[in-house]
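Per-entry structural report
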Amino acid sequence: MNGLSTVLILVGLFLLGGVISFVKQGMSKSIITLLGIGATMALLAGVLRLEVWN
């Protein structure tokens, strides 16, 4: 695992925690959707950048 993939995965998990928190608080669905998309993109980018696939 290189540094960038680690950072992307951590950012994705942080955003995923924000999604869970916002759902519990009953926040706006558009904010939750935007955070969810960002979390998915960050996690996917981090996983795809792993050096396991080479």
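Data block above holds the structure.
The rules behind each value
- Residues numbered from 1 in each chain as written.
- Predicted model: local features only at pLDDT ≥ 70, side-chain atom pairs only at ≥ 80, totals over all residues.
- Heavy atoms only, no water.
- Axes fitted to C-alpha atoms, helices over the stretch in contact; angles between N-to-C directions.
- Helix = DSSP H or I, 4+ residues; strand = E, 2+ residues; numbered from the N terminus.
- Parallel < 35°, antiparallel > 145°, perpendicular 65-115°, else oblique.
- Left-handed = near helix turned anticlockwise from the far one by under 90°.
- Contact = heavy atoms within 4.5 Å.
- Nonpolar A, V, L, I, M, F, W, Y, C, P; charged D, E, K, R; others polar.
- Buried < 20%, exposed > 50% of the residue type's maximum accessible area, 1.4 Å probe, protein only.
- Polar contact = N/O pair within 3.5 Å; in protein donor to acceptor, adjacent residues only side chain to side chain.

1. Thoughts on the packing of helix H1 (residues 3–25) against helix H2 (residues 29–48)
At a closest axis distance of 7 Å, the pairing of H1 and H2 adopts a crossing angle of 155 degrees. Considered as vectors, H1 and H2 are oriented roughly antiparallel to each other. For the pair H1 and H2, the sense of crossing is left-handed. The segment H1 lies against H2, with Ser5, Leu8, Ile9, Val11, Gly12, Leu13, Leu15, Leu16, Gly18, Val19, Phe22 and Val23 engaging Ile31, Ile32, Leu35, Gly36, Gly38, Ala39, Ala42, Leu43, Ala45, Gly46 and Val47. Looking at side-chain class alone, the contact of H1 with H2 contains 17 nonpolar, 6 polar and no charged residues.

2. Some details on the side chain of Ser5
Examined against the element boundaries, Ser5 turns out to sit in helix H1. When its relative accessible area of 0% is taken as the criterion, Ser5 is described as buried. Reaching out from Ser5, the side chain makes a polar contact with the side chain of Asn2 at a distance of 2.8 Å.

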